[in-house]
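The primary structure of each chain is shown beneath.
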Amino acid sequence: MVTLDRLVNVLGGYGARLCCCPVAREVALRDVVMDDPADPRGLRGDVYLAVGVESVLEAVERAAQARASVVLVRGATPPGPDEVAKAEDGQVAVLLVDPEVSWGQLAGVVYGLVLEGRETESGRGPTDLFALADSLADALGSAVTIEDQLSRVLAYSSRQQGADRVRLETILGRRVPDQVRELFEHRGVFAHLVQSDEPLFVEADPEHGLTGRMVVAVRAGRETLGSIWVECEEPLSDVRRTVLHDSSRTVGLHLLRSRASADLERQVESDLVIRLLEGTPDAAAVLSRLGLPPGRFRVVALQAHIADERHAALLLAFERATTGFGWSRPGRSTLFSNTVYTVLPGEDVETARAWIDGIRDALPTQVTVAAGIGAPASTAELPASRRESDECLALHDVRPEPGAAVAYDESWDDILVLRLRAAAAAGRAPARGPIADLARHDAANSTSYVATLRAWLETQGDLTEAAERLGVHPNTIRYRLRKMADVTPLRLDLPAKRLAMIIELAVADPQD
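Description of the structure in this document. In this text the structure is predicted, and so the values were computed from the model without any measurement. Numbering of residues starts from 1 in each chain and follows the order in which that chain's sequence is written. This being a predicted model, a pLDDT of at least 70 is required before a residue's local features are given, and a value of 80 or more before pairs of side-chain atoms are given or counted; all residues contribute to the totals for chains, interfaces and linings. Excluded from the side-chain calculation are hydrogens and water; included are all heavy atoms of the structure.

It is worth spelling out the pairing of strand 6 (residues 70-74) at this point. With 4 of 5 residues buried, strand 6 lies mostly within the body of the structure. DSSP-based pairing: two strands are paired if at least 2 bridges between them are found. The numbering of helices and of strands both runs from the N terminus, where a helix is a DSSP run of H or I of at least 4 residues and a strand a run of E of at least 2. Judged from the 3 bridges that link them, strand 5 (residues 47-49) and strand 6 form a sheet pairing that is parallel. Looking across to strand 6, one finds that Val47 is bridged to Val70. With helix 2 (residues 56-65) bridging strand 5 and the parallel strand 6, this β-α-β connection has right-handed handedness. Of the strand pairs in this sheet, strand 6 and strand 7 (residues 93-97) are connected by 5 bridges, and their pairing is parallel. Residue pairing for strand 7: Val73 is matched across the bridge by Leu96. When the strands point away from the viewer and the path from the first strand over the helix to the second turns clockwise, the crossover is right-handed. Once you follow strand 6 into helix 3 (residues 81-90) and on to strand 7, the crossover reads as right-handed. For every residue, the accessible area (1.4 Å probe, protein chains only) is compared with the maximum for its type, and the residue is labelled buried under 20%, exposed over 50%, or partly exposed between those bounds.

Okay, structure coming up:
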C-alpha cells in the first residue's frame, strides 16, 4: 500500500513540492482520478490530478469534492493564505508541480506508484494491468481492454456490462477474432497505431457485431507495445481523450515493468537450459530448478523468419515459447544465436510436433518456421539430442519444399549423409580412387560410367532394374562394367568396396 509520504518523496524527484499538508503523511492512497468537468458523475479518489486547472484554489475545491487526500496542480507560485485555508478546511494536501513537467509523465509516475501497491478484490497483486484497466474504465465510464501488438488480450476491465459481441469474443478467446482484425486492417487502424500517438475513433460495424471504439497506441520510445481499446458509441470528449492518451503512457510503464520481470525470468530459464544442453554434472538439480520431471526428453531446435528478416520473428517465437507460468507450459527454452532450443519432456515425437504447431499458429501468418527434433534422450544425453536437433534443422536447407518438423529417429539416414557431406566439404573427400577415376574419365570422354555404377550399386547388382533406371539394355550395363574395370580396379566382388563406393557416391554426387 502506498502512503502520502512515499508519494511526496518520489514526486520530489520530479520537481513537485508539498506546499500544504493538513492530513497525516501516513494516509493510504488507493485510487487516482483526473479532473473532468464534462463528467456529470461525482469523481472519487485519493489522489486528484488537476489536469488543465490553472487555479490552485479551484483545484483544491474539486479535490475536496472528490474526497481526495492530495491534489496535484501545476504552477510556479506557492499557494496563498486563501488556498491554504481552503485546503485545510477540505483536508486536502497540495502538491505543486513544476510547469515544465508534463501531465503525461506525472500521471505515469502517480498511477505506477499507487497501483503498484494496490490489490484488487480478486487478489491480483502488484503492477496488475487488470487493476489499471478497472481504474481507466472508471475514469472513462466505458469498458476497457488492453492488448499487445498481436491483438492478444493482456487485461480487461471488470466493467463489461453491455459489451458488444466482438468484445465478448475477444475476452473469451483472449484475442481479437481474425475477421475483425481484417476489418481493422482494411480501415487502416493498425497503420494509425504504428504511426500516431493520438487516439482514434473506430466506427461501428453492425455486420461484425461491432460498436464504436476509441483506441490509442501504447509505446515505449518508438516501440509499439500494444494498444488500449475503449468501447464508446461516439468519440470521447477532449478531456477523456486526454485521459486516454495519458493513460497509454501509464500502461506502457506497466508493460515495461512486466517485460523486465518476464525478461529476468526468461534469462534465468535460458541460462539453466543452456547448462543442460552443454552438459553439467548437476543436471538433476538444474532439472529441479526448471520444474521439469526426471525422465526422457526431446530437444527441439526452432528457427523463424519473415522473408529475409530473421530477428523479429525469432524473438516472437522465443517470447511465445516462454510465455506463461512454468506449470502451464510443457518445456523450457533458451534463445542461442539464431535458434530457439526447447527441452520437452516425453518421447512421443507427435507431442513435440504438436508443440511446434502451437508455436507456429501463435505467430503471424507471414512467419516461416523450421524445426528439428532430437532423438529421445536421458538428462545426460541432452547435449547429443541438441546436436541431433541442429542436424534435423539443417535438413530444411536441402529440402526445397517446406514440411513438418524433421525428427532424428525418422531421418537419421539423411543426417548421416549430411554429416559425410560436411566432412567432404571440409576437404576430407578422397581425391583418388575408383569414383574419382571414373568421374575424370566421364568428363574427358563424355561417358556415363559414374551414373551406371550408381544405378548398379543402388539396385544391388540387378542388371534389369539398373537398365530400366538408365533407359538402356541390360547388356549395355554389362559392357560398361567391363570397360570400367579397364579404367580403375572396382573389385565389386568385395562388400566393403561396394559399401565405400555407395557412401562416396551419396556424398560427392547427391541425387535428391
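A general feature of soluble globular proteins is that nonpolar side chains tend to end up buried together. We call a set of buried residues a nonpolar core when its members are Ala, Val, Leu, Ile, Met, Phe, Trp, Tyr or Cys and they connect through side-chain atoms within 4.5 Å of each other. Of all hydrophobic cores here, the largest spans 51 residues; its most connected members are Val47, Leu49 and Leu72. Any two residues whose heavy atoms approach within 4.5 Å are treated as being in contact. Setting aside residues up to four positions removed in sequence, Val47 forms contacts with Leu7, Leu29, Asp31, Val32, Val33, Val70, Leu72, Val110 and Val114. Core analysis: the next-biggest nonpolar cluster, separate from the first, contains 24 residues, Ala304, Val349, Val367 and Val369 among them.

This paragraph deals with unusual backbone geometry. Non-glycine residue Ser446 carries a positive phi angle of around 60°. Along the chain, Ser446 turns up in the loop between helix 15 (434-445) and helix 16 (449-458). Under the relative-accessibility criterion, Ser446 is labelled exposed at 69%.

This paragraph deals with the sheet that holds strand 9 (residues 153-156). One open sheet holds the 5 strands; their spatial order is 9-8-12-11-10, and the pairing between them is antiparallel. Two strands in the sheet have a free side with no partner beyond their single neighbour: strand 9 and strand 10 (200-202). The average angle at which neighbouring strand axes cross in this sheet is 25°, direction not considered. Sheet topology places strand 10 next to strand 11 (residues 213-220); 3 bridges connect them, and they run antiparallel. Looking at strand 11, one finds that Val202 is bridged to Arg213. Each axis is a line fitted through C-alpha atoms, taken for helices only over the stretch in contact, and angles between the N-to-C directions span 0 to 180 degrees. Relative to the sheet, helix 6 (residues 165-173) contacts strand 8 (144-148), strand 9, strand 11 and strand 12 (223-231), its axis offset from that of strand 8 by approximately 50°.

Basic side-chain nitrogens of Lys or Arg form a salt bridge, by our definition, when they fall within 4 Å of a carboxyl oxygen of Asp or Glu. The full count for this structure, using the stated rule, is 22 salt bridges. With its nearest N and O atoms 3.2 Å apart, the salt bridge here joins Arg386 to Asp390. Of this pair, Arg386 and Asp390 both sit in helix 13 (residues 382-398), 4 residues apart, which is roughly one turn of that helix. The exposure class assigned to Arg386 is buried, which follows from its relative accessible area of 17%. Relative accessible area serves as the criterion here: at 25%, Asp390 is assigned to the partly exposed category. It is possible to trace a salt-bridge network through shared partners that takes in Arg296, Glu347 and Glu381.

Another point: the sheet that holds strand 4 (residues 32-34). Across the sheet, 5 strands lie side by side as 2-7-6-5-4; this open sheet has mixed pairing. Edge positions in the open sheet fall to strand 2 (16-20) and strand 4, since each of these has one partner strand only. Each strand of the sheet is rotated relative to its neighbour by a mean of 25°, with strand direction disregarded. In this sheet, strand 5 lies alongside strand 4 in parallel orientation, the contact comprising 3 bridges. Residue pairing in the sheet places Met34 in a bridge with Leu49 of strand 5. Sheet strands touched by helix 2: strand 5, strand 6 and strand 7. Its angle to strand 6, the strand with the most contacts, is close to 150°.

What follows covers a nonpolar patch on the surface. Residues Trp412, Leu416, Leu420, Leu499 and Ile503 make up a contiguous nonpolar surface patch of about 460 Å² in total accessible area. A total of 3 residues in the nonpolar patch trace back to one element, the largest contributor, which is helix 14 (residues 408-428). Relative to the helices and strands, Trp412 is located in helix 14. A patch consists of residues whose relative accessible area exceeds 30% and which take part in no salt bridge; residues with like charges are grouped when within 9 Å of each other, and nonpolar side chains (Val, Leu, Ile, Met, Phe, Trp, Tyr) when within 5 Å. Here the Shrake-Rupley method, with its probe set to 1.4 Å, supplies the accessible areas, and only the displayed protein chains count as covering residues.

Here strand 11 lies mainly inside the structure; 8 of its 8 residues are buried. Both faces of strand 11 are covered, namely the face carrying Arg213, Val215, Ala217 and Arg219 and the face carrying Met214, Val216, Val218 and Ala220. Where strand 11 lies against strand 12, 8 bridges are found, and the strand directions are antiparallel. Within strand 12, the residue paired with Val218 across the bridge is Gly226.

It is worth spelling out the packing of aromatic side chains at this point. What counts as a ring pair is set by centres within 6.5 Å for rings of Phe, Tyr and Trp (its six-membered ring), and what kind of pair is set by the plane angle: stacked under 30 degrees, edge-to-face over 60, tilted for all other angles. Within the structure shown, the criterion is met by 3 aromatic pairs. Counted as over-ring charges are cases with an Arg CZ or a Lys NZ within 6 Å of the ring centre that also lie within 35 degrees of the ring normal. Geometry around Tyr341 places Arg386 over its ring, the cationic atom sitting 4.5 Å from the centre.

Here the focus is helix 7 (residues 178-187). Buried residues of helix 7: Val180, Leu183 and Phe184, and no others. Along helix 7, the residues classed as buried sweep out an arc of 95° about the axis, all on the same side. Relative to its buried face, helix 7 has exposed residues pointing more than 90 degrees away, namely Asp178, Glu182, Glu185 and His186. In this description, one arc is meant: the one made by directions from the helix axis to the C-beta atoms.

Checked against the element boundaries, Ser385 lands in helix 13. The exposure class of Ser385 is buried, given its relative accessible area of 1%. Discounting chain neighbours no more than four positions away, the residues touching Ser385 are Arg298, Val299, Gly374, Ala375 and Ala377.

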